Structures are given as structure tokens and as C-alpha cells.
Amino acid sequence: MRKFLAGGVAALALVTAGIAQAEPVKIGVITTLSGGGAGLGVDMRDAFQLAIKQSGNSEIELVVEDDAQKPELAVQIAEKMIQSDKVDLMTGIIWSNLAMAVVPNAVAQDVIYLSPNAGPSALAGANCHPNYFNVAYQNDNFHEAMGEYDNKDYKKTFILAPNYPAGKDALTGFKRYYKGELAGEVYTQVGQTDYAAEIAEIRASGADSVYFFLPGGMGIAFMKQYAQSGVAIPVTGPGFSFSQDVLPAIGDAALGVKNSGTWAKDLDNPANKAFVEAFQKEYNRLPSIYAAQSWDTANLILSAIGKASVKDKDAFRAALKEADFASVRGKFKFNTNNHPIQDIYVTEVVKEGDVLTNKIIATAFTDHGDAYADKCSM
């Protein structure tokens with residue numbers, strides 16, 4: 001377990017300054033810091049800690065623990081944080097299967113949980129909860145955007161994703177907007193690193209394109225093997241498959257690939273420029289979408305702390321719902337199910353000098369919500 005106490009550093013202009021009534025706030029951060037998905041969790045943790053540090057609020061204590069991408073461990077950590085550490089808020093989970101294991105029990109114990117990434121459909125509709133806020137997206141959203149965008153170029157797409165809640169949401173979202181034929185639909189194992197069988201199936205499928213969602217090390221392994229296979233069928237994906245944390249490992253095989261997301265480093269707004277500069281200065285690397293979502297989560301919390309006591313749950317929830325913070329995504333507001341309404345972009349992997357990164361080339365959706373909000377009774 002690691003504890004991080006925010007230091008007295010001058011606040012960035014984009015962070016809500018002037019805490020109304022400073023009080024101790026303890027935030028439990030459960031994220032993936034080891035194993036194949038560690039890069040995602042490290043970016044989440046680093047951005048969150050930096051945002052708190054930049055705020056200058058020395059009354060915020062972070063209790064950070066590694067879930068090692070294991071649902072049973074995440075559950076144990078969550079219970080310890082709630083029962084022993086007495087955290088006021090929780091955040092940090094990257095993977096949807098871990099979120100499904102932790103979030104329902106946490107919010108039932110009257111702990112407010114803010115997701116910086118995982119957005120399973122099961123928590124967006126009938127099982128929504130006033131204590132659950134998703135500051136990232138609903139899982140289907142990025143895939144809906146690429147399904148819509150791919151309509152203009154492709155007629156027969158092969159789709160694949162891992163067999164867990166986010167993977168199922170991914171392909172559901174893609175199919176919701178894609179109007180072409182499916183050449184194949186495959187669910188791989190979570191953590192899989194050998195894709196020879198899937199690539200052989202793609203080769204024989206007659207597909208004119210491949211859409212895949214394989215985050216972290218899974219996507220790195222797939223793209224390297226795909227490039228080596230000589231299969232020339234073009235690929236597209238969500239931003240997770242081509243995020244800043246994995247691009248160096250994929251290499252030039254990612255060049256030109258179009259992918260979708262709510263954020264890119266070239267989004268032209270003051271909050272984003274300050275965020276990218278601060279993150280790069282602190283960590284000597286470019287931030288990923290996981291870092292951007294985590295930064296926004298931290299700044300949303302900071303804005304709410306400036307308006308209400310975390311001990312007054314009704315007032316604090318209302319302050320969170322206002323979303324009165326400078327998002328790196330520009331426009332941001334909560335839907336009726338406490339999930340975002342936001343713009344979603346299409347980006348292309350480019351090389352700037354020797355660095356692979358993403359550049360925005362189109363807007364797929366404006367003010368896009370999710371397909372489950374009308375089933376939420378809040």
C-alpha cells in the first residue's frame with residue numbers, strides 16, 4: 001500500500017482554486033500497477049496524483065493500491081479501504097470486470113465511486129446508482145463512434161475483442177452504428193498474447209477491414225503479430241488500442257491507423273494545453289487517454305470539495321453532478337445516469353519527429369450520450 005499526501009504546490013489555472021472549507025478527505029485509489037495492464041493504471045495514478053499536487057490541497061490523502069488486474073484482489077482491497085481505511089471516496093479501476101466486482105458493493109455501503117475509465121453497460125442503465133459517477137465514458141461509446149465512421153470506407157468488417165464486460169460492450173457499440181456486413185465476430189481470452197488463430201481466421205474471412213478492441217499488452221501483441229503476418233487488411237479501433245502508452249511498443253505498424261476517443265493531446269483548449277505540459281514536465285512522457293480521464297476525475301473531485309463537504313453526501317453528489325471544472329476534453333456534462341455527454345473524435349496515428357502519437361482528423365459525434373440512460377430511474 002502507498003499513501004500520497006498532496007503538497008503545498010501552487011494550483012494550475014485550470015484547477016478549481018480556493019477550497020471553500022478545507023477538511024481532510026481520504027480517497028481510495030484501486031488501479032492496475034503490475035502485469036500486462038500496468039501501463040494503463042500507472043498513467044491513471046500519475047495523472048491523478050499530479051492533479052492533486054497541483055491543486056495545493058494538503059488535506060487530501062490518497063490511499064493507492066495495486067489490484068494486479070485480479071477481481072478477487074480488488075474486492076479485498078475495496079473492503080479494506082471502506083472498513084479499515086475509512087475512505088470518503090473511491091476511484092481508479094481500469095478494467096470493467098474489476099469494476100463489476102467492486103462498484104456495486106461499494107456504492108451500496110454509501111461510498112461515492114468515480115470511474116476514471118471502466119464504464120460497463122450493467123452500471124449505466126437499470127443498475128445505475130446515485131453514488132456512481134463515470135467521468136470517462138460508457139463502454140460502448142468509442143466503438144459506436146468507429147462503427148459510424150467506418151461506414152464511409154468499409155462494407156465487410158471482421159470484429160474482435162476480449163471476452164469480458166468491456167469487450168462485449170465494445171462490439172455491441174460498434175454493431176449499433178455499423179451498417180455493413182460482419183465477416184466474423186470473435187471474443188478472445190482476457191490477457192491473451194498469441195493471436196495466430198485469429199489472424200488466420202481474418203485472412204480467410206474475405207473482410208475488407210478489421211475492427212479490434214484489445215487494450216494494453218493484448219493490443220501490442222496483436223498488432224505486432226498482425227504486422228508480421230503480412231495480412232494487408234486495414235485495421236481500425238478505439239483509442240484504447242492505440243493510446244499513447246502502447247504506441248511506442250507497437251511501433252510503425254500503428255502509423256495511419258484511425259481510432260476513436262474523447263481526447264487527444266492536440267485538442268485546442270487551455271485546460272488541455274496546461275495538462276499536457278504539466279504531465280510531460282513531471283513524467284517526461286506524453287499523457288495517454290487514461291491519464292486525461294484521470295486528470296478530469298481528480299479535478300471534478302477538487303471542484304466538488306470546493307463547494308460541499310464530502311461528509312454531506314447529498315450536497316457533495318450535487319456538487320459532482322454540476323461538473324463545474326475545466327475538462328481537458330472541453331465540453332463535459334453528466335447525463336441523467338451520471339455518465340458523460342461529450343464529443344467523440346476520430347484520430348489518426350502519426351509520427352511527430354520520432355514520437356508516435358494521435359492527431360484529430362474528424363468529429364464522429366457531438367454531445368453524445370449512451371444507449372442506457374433511459375433505463376436509469378435516478
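Predicted model only: the values in this text are computed from it and were never measured.

> Tell me about the overall build of the chain, and name the residues and values.
For the chain, the count of helices and strands is 11 helices and 14 strands. At 20 Å, the chain has a C-alpha radius of gyration in line with the 21 Å of a compact globule built from 378 residues. Projecting the C-alpha coordinates of the chain onto the three principal axes gives extents of approximately 60 × 45 × 35 Å. Evaluated residue by residue, the chain yields a buried proportion of 59% over its 378 residues. Counted over contacts in the chain with a minimum sequence separation of 6, partners at least 24 positions apart contribute 72%. Summing over all exposed atoms, the chain offers an accessible surface of approximately 13,600 Å²; the carbon and sulfur share of this is 50%.

> Outline the environment of alanine 207, listing residues and values.
Assignment of secondary structure puts alanine 207 in the loop between α6 (196-203) and β9 (209-212). Assessed through its relative accessible area of 11%, alanine 207 is described here as buried. For the pair alanine 207 and serine 288, spaced 81 residues apart in the sequence, the C-alpha separation amounts to 30 Å. Ignoring sequence-local partners within four residues, the contact set of alanine 207 consists of Lys156, Phe158, Ala183 and Ile233.

> Could you give an account of the packing of aromatic side chains, naming the residues involved and the relevant values?
By the definition in use, this model includes 21 aromatic pairs. When the centroid spacing of 4.3 Å and the interplanar angle of 20° are considered together, the rings of phenylalanine 174 and tyrosine 211 count as stacked. Note that phenylalanine 174 is positioned in helix α5 (residues 165-177) and tyrosine 211 in strand β9, a separation of 37 residues in sequence. No difference in accessibility class separates phenylalanine 174 from tyrosine 211, as the two residues are buried. Linked through ring pairs, Tyr137, Phe142, Phe213, Phe240 and Tyr290 together constitute an aromatic cluster.

> How would you explain the pairing of strand β7 (residues 156-162) if you had to name every residue and give the values?
Burial of β7 is extensive: 6 of the 7 residues sit out of reach of the surface. Direction of pairing for β7 relative to strand β8 (residues 181-188): parallel, over a ladder of 7 bridges. Paired with phenylalanine 158 across the bridge in β8 is glycine 184. Handedness of the β7-α5-β8 crossover: right-handed.

> Give a description of the pattern of salt bridges that names residues and reports values.
Per the stated rule, a full pass over the model turns up 23 salt bridges. Across the pair glutamate 65 and lysine 80 runs a salt bridge, and its minimum N-O distance is 3.1 Å. Placement of the pair is glutamate 65 in strand β3 (residues 60-66) and lysine 80 in helix α2 (residues 71-85), with a sequence separation of 15 residues. According to the relative accessible area criterion, glutamate 65 is buried, its value standing at 12%. Taken together, the salt bridges that share partners define one network made up of Asp43, Arg45, Asp46 and Arg285.

> Please set out the state of the cysteines residue by residue, giving values where relevant.
Per the stated rule, a full pass over the model turns up 1 disulfide. Note on cysteine connectivity: cysteine 128 is disulfide-linked to cysteine 376, with sulfurs 2.0 Å apart. The disulfide joining cysteine 128 to cysteine 376 has a torsion of about 90° about its S-S bond and is therefore right-handed. Here cysteine 376 lies in the segment after β14 (355-368) and cysteine 128 lies in the loop between β5 (112-115) and β6 (132-134), a separation of 248 residues in the sequence.

> Residue-level account of α6, with values.
Buried within α6 are the following residues: Glu198, Ile199 and Ile202. Along α6, the residues classed as buried sweep out an arc of 100° about the axis, all on the same side.

> Help me get a handle on the nonpolar core, residues and values and all.
By size, the foremost hydrophobic cluster in this structure holds 115 residues, and its most contacted members are Met90, Phe222 and Phe242. The greatest single-element share of this core, amounting to 11 residues, is contributed by helix α10 (residues 289-305). Here methionine 90 is in contact with Gly28, Ile30, Ala78, Met81, Ile82, Val102, Ala106, Val111, Ile112, Tyr113 and Leu114, once residues within four sequence places are set aside.

> Break down unusual backbone geometry for me, with residues and values.
The backbone phi angle of glutamine 69 is positive, close to 65°, even though this residue is not glycine. By secondary structure assignment, the location of glutamine 69 is in the loop between β3 and α2. Using a relative accessible area of 21% as the deciding quantity, one classes glutamine 69 as partly exposed. Phi at alanine 323 takes a positive value of approximately 50°, unusual for a residue other than glycine. Tracing the backbone shows alanine 323 in the loop between α11 (313-322) and β12 (333-334).

Quick notes on the rules
- Residues numbered from 1 in each chain as written.
- Predicted model: local features only at pLDDT ≥ 70, side-chain atom pairs only at ≥ 80, totals over all residues.
- Heavy atoms only, no water.
- Helix = DSSP H or I, 4+ residues; strand = E, 2+ residues; numbered from the N terminus.
- Rg over C-alpha atoms; globule rule 2.2 N^0.38 Å.
- Buried < 20%, exposed > 50% of the residue type's maximum accessible area, 1.4 Å probe, protein only.
- Contact = heavy atoms within 4.5 Å.
- Areas by Shrake-Rupley, 256 points an atom, 1.4 Å probe, with all protein chains shown as cover.
- Phe/Tyr/Trp six-rings, centres within 6.5 Å; stacked < 30°, edge-to-face > 60°.
- Pairing = 2+ DSSP bridges.
- Right-handed = clockwise from strand over helix to strand, strands pointing away.
- Salt bridge = Lys/Arg side-chain N within 4 Å of Asp/Glu carboxyl O.
- Disulfide = S-S within 2.5 Å.
- Arc of directions from axis to C-beta.
- Core = buried A, V, L, I, M, F, W, Y, C linked by side-chain atoms within 4.5 Å.

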